[in-house]
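The residues making up each chain are set out below.
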Amino acid sequence: MSYTSARFIRHFGLSSAFAYSTRDIGCLLLTPTKRKFCSASIPIAQKASEELLVVVGGGAAGFFGAIRAKTLAPKLNVVVIEKGKPLSKVKISGGGRCNVTNGHFVDNMILAENYPRGYKEFRGSFFDMHGPVDTMSWFSDHGVDLKVEEDGRVFPVSNSSASVIDCLMSEANRTGVVLQTGKAVRTASADGGKFLLGIGKQTTSSVEYVEANYLLIASGNSSQVGFSLASQLGHSIIDPVPSLFTFKTADSQLAELSGVTFPKVRAKLILENVKRNIQQFTQVGPMLVTHWGLSGPVILRLSAWGARDLFSSGYKGTVTVDFIPDLHIEDVKSILSRHKHQFVKQKVSNAYPPEFGLVKRFWKYILDRQGVSGDALWASIPNNTISSVASLLKHCDFGVTGKGQFKDEFVKAGGVPLSEISLNTMESKLHSDLFFAGEVLNVDGVTGGFNFQNAWSGGYRAGTTIGTRVRDAYLRGLDIQ
Ligand SMILES: Cc1cc2nc3c(=O)[nH]c(=O)nc-3n(C[C@H](O)[C@H](O)[C@H](O)COP(=O)(O)OP(=O)(O)OC[C@H]3O[C@@H](n4cnc5c(N)ncnc54)[C@H](O)[C@@H]3O)c2cc1C
């Protein structure tokens, strides 16, 4: 039942990016604009003696790992198997702009704090080999001009994820990575130091078998078939649950504020099933009101840090928001009192302190929640009402009733536990020559480019380990001869 890598290359060679003819294994490069035979035609016998790396998944991590391994070990056959369209998440990422990494973090300790799953493990040397600065250099060196936005997010200057996709596709082509699309790796077993892989279309029951010397599982976290490979090879899977989502609230008046943004709030997530004080359950930053509730970076960060606890609490809880985090409550009270004395004859809904930086629609919402008529004159507002308005601005509770829109391909918490791999090499602790990278691992970052950074860093490390191992063995072989 076992196939040699040469037979595999012949059988699967007709890929969308790079193919071998079945007779002489002359290689046919297919690019969007031109097709040409490359001159490095390799005889079958020589090919058969070479080793094969199969990469499961043509996403960010898979492409990066494949390119890196092939660059270090050009004689290694590298095949990426992608069941759907390659780099499909890169395409839709960052609203079609692809936030490739984050340019504000160079210190590993601080960078790691952006990973609700991974923050302990990533405080070490994980990013040393290929961190955010290396990602920026890599893409710049490969023709993708990048820009760092004020909040640290890094995008292609073109504002189009197509620049990133074109770069990765052409680099895979250039180095000689074979891409096979439309088939999934469905079964995997370790067999005498090699991996026996069952590959086939998901719609049919027929499976063809291939033997690989190295296996890199970079199947992301939106596919059960990806996780099942890890299980078949003995790894455990932490059940994936949503991360990075918006909060639904039951407050119909708040829904009327849909579209209102707050540049800076302090928001705290309170869940009944969480008694311990979790520092990351308080976040500071921009917030947005949507027609179903609350969104924006602060809420997304809370959803990520609270992902597991929110799941177990049925997505029910409270978010307490401080709308004026830079002012102490006593200052808020005195500003309101001063305002009252200055604008005695004005309606409270029309005149409110500009220091708070609030929009009128939201000020009216606060008055309504506090039972203050907008038509009342400032002169009529008693001091205790001023105190309670100040308290509400500093401590406004919203009942969370569920999560907002969440699609299966969105970022999740869960996957292969980091404790089951060596982060120095990305190699499985259960099997030599088995590697993992990207979201298939129990790693997820907050928004801002951190999820792709995990994919680039992991893919690069795995590719480096495989490529170096193959190259060193090859050089040792030359020495012997
Ligand atoms: C809408 C959206 C926007 C995002 N925007 C950003 C952003 O701007 N910045 C950022 O940092 N992160 C962003 N992310 C997260 C980012 O896309 C992921 O972290 C990243 O794509 C993970 O890369 P990966 O290679 O691990 O997995 P994936 O990109 O999911 O790739 C895995 C691939 O493996 C394939 N596959 C799975 N199982 C098999 C199998 N058995 N056989 C063959 N193929 C298989 C899948 O089809 C898939 O193509 C976004 C995510 C979403 C959903």
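The structure under discussion appears in the preceding block.
Residues numbered from 1 in each chain as written. Predicted model: local features only at pLDDT ≥ 70, side-chain atom pairs only at ≥ 80, totals over all residues.

### Here's the deal with the overall build of the protein chain
Inference 1: Helix and strand counts for the protein chain come out as 15 helices and 24 strands.
Inference 2: Per-residue burial over the protein chain gives 43% buried out of 481 residues.
Inference 3: At a minimum sequence separation of 6, the contacts of the protein chain that also span at least 24 residues come to 73%. (Helix = DSSP H or I, 4+ residues; strand = E, 2+ residues; numbered from the N terminus. Buried ≥ 20, exposed ≤ 12 C-beta atoms within 10 Å, placed from the backbone. Contact = placed C-beta atoms within 7 Å.)

### Considerations on the sheet that holds strand S11 (residues 194–200)
Inference 1: Across the sheet, three strands lie side by side as S10-S11-S12; this open sheet has antiparallel pairing. Where the open sheet ends on each side, the last strands, each with one partner, are strand S10 (184–191) and strand S12 (208–212). Averaged over neighbouring strand pairs, the angle between their axes works out to 25° when direction is ignored.
Inference 2: As judged from the five bridges shared by S11 and S12, these two strands associate in the antiparallel manner. By the bridge assignment for S12, Leu197 is matched with Val210. (Pairing = 2+ DSSP bridges. Axes fitted to C-alpha atoms, helices over the stretch in contact; angles between N-to-C directions.)

### What to know about the site of the ligand
Inference 1: Around the ligand, 38 residues are found, and the nearest of them are Gly57, Gly59, Gly94, Gly220 and Gly438.
Inference 2: Within the residue set of the shell around the ligand, elements represented by two or more residues are helix H3 (60–72), strand S5 (77–82), helix H4 (88–96), S10, helix H8 (224–232) and helix H15 (450–480).
Inference 3: Ranked by the residues each element gives to the shell around the ligand, the list is headed by H4, at five residues.
Inference 4: Looking at the shell around the ligand residue by residue, the classes come out as 16 nonpolar, 17 polar and five charged. (Near = placed C-beta within 6 Å. Nonpolar A, V, L, I, M, F, W, Y, C, P; charged D, E, K, R; others polar.)

### A short note on helix H6 (residues 132–141)
At 3.6 residues per turn, the α-helix brings residues three or four places apart onto the same side.
Inference 1: What H6 keeps buried is the set Pro132, Thr135, Trp138 and Phe139. Buried positions in H6, seen along its axis, are confined to an arc of 120° and lie on one side of it. Opposite its buried face, H6 presents the exposed residues Ser137, Ser140 and Asp141, each directed more than 90 degrees away.
Inference 2: Immediately downstream of H6, the backbone of Gly143 shows phi near 90°, a positive value. (Arc of directions from axis to C-beta.)

### What about unusual backbone geometry?
Trans is the prevailing form of peptide bonds, just as negative phi is the prevailing case for residues other than glycine.
Inference 1: Despite not being glycine, Leu87 shows a phi value in the positive range, around 55°.
Inference 2: Within the secondary structure, Leu87 sits in the loop between S5 and H4.
Inference 3: Backbone geometry places Asn159, a non-glycine residue, at a positive phi of 60°.
Inference 4: With respect to the helices and strands, Asn159 occurs in the loop between strand S8 (153–156) and helix H7 (161–175).
Inference 5: Taking the number of C-beta atoms within 10 Å as the measure of exposure, Asn159 has 14 and is therefore partly exposed.

### Some words on the sheet that holds strand S6 (residues 101–102)
Inference 1: Across the sheet, which stays open at both edges, the three strands sit in the order S6-S8-S7 with antiparallel pairing between neighbours. Every interior strand has two partners, whereas the edge strands, S6 and strand S7 (146–148), have only one.
Inference 2: Across three bridges, S7 lies against S8 in antiparallel orientation. Looking at the pairing, Lys147 lines up with Phe155 of S8.

### Structural notes on the nonpolar core
Note that soluble globular proteins tend to have their nonpolar side chains buried in a common cluster.
Inference 1: Membership of the largest hydrophobic core comes to 109 residues, with the highest contact counts inside it found for Leu53, Val54, Val55, Leu215 and Leu216.
Inference 2: The biggest single contributor to this core is H15, with eight residues.
Inference 3: Per-domain counts for this core show at least three residues from each of domain 1 (52–242 + 409–479) and domain 2 (246–405).
Inference 4: Non-local contacts of Leu216, meaning those with residues more than four positions away in its chain, are made with Leu53, Val55, Val56, Gly62, Gly65, Phe435, Ala437, Ala462 and Ile466.
Inference 5: Among the nonpolar cores identified, the runner-up in size contains five residues, and Val348, Tyr352, Trp363 and Leu367 belong to it. (Core = buried A, V, L, I, M, F, W, Y, C linked by C-beta atoms within 7 Å. Domains from an automatic or database assignment.)

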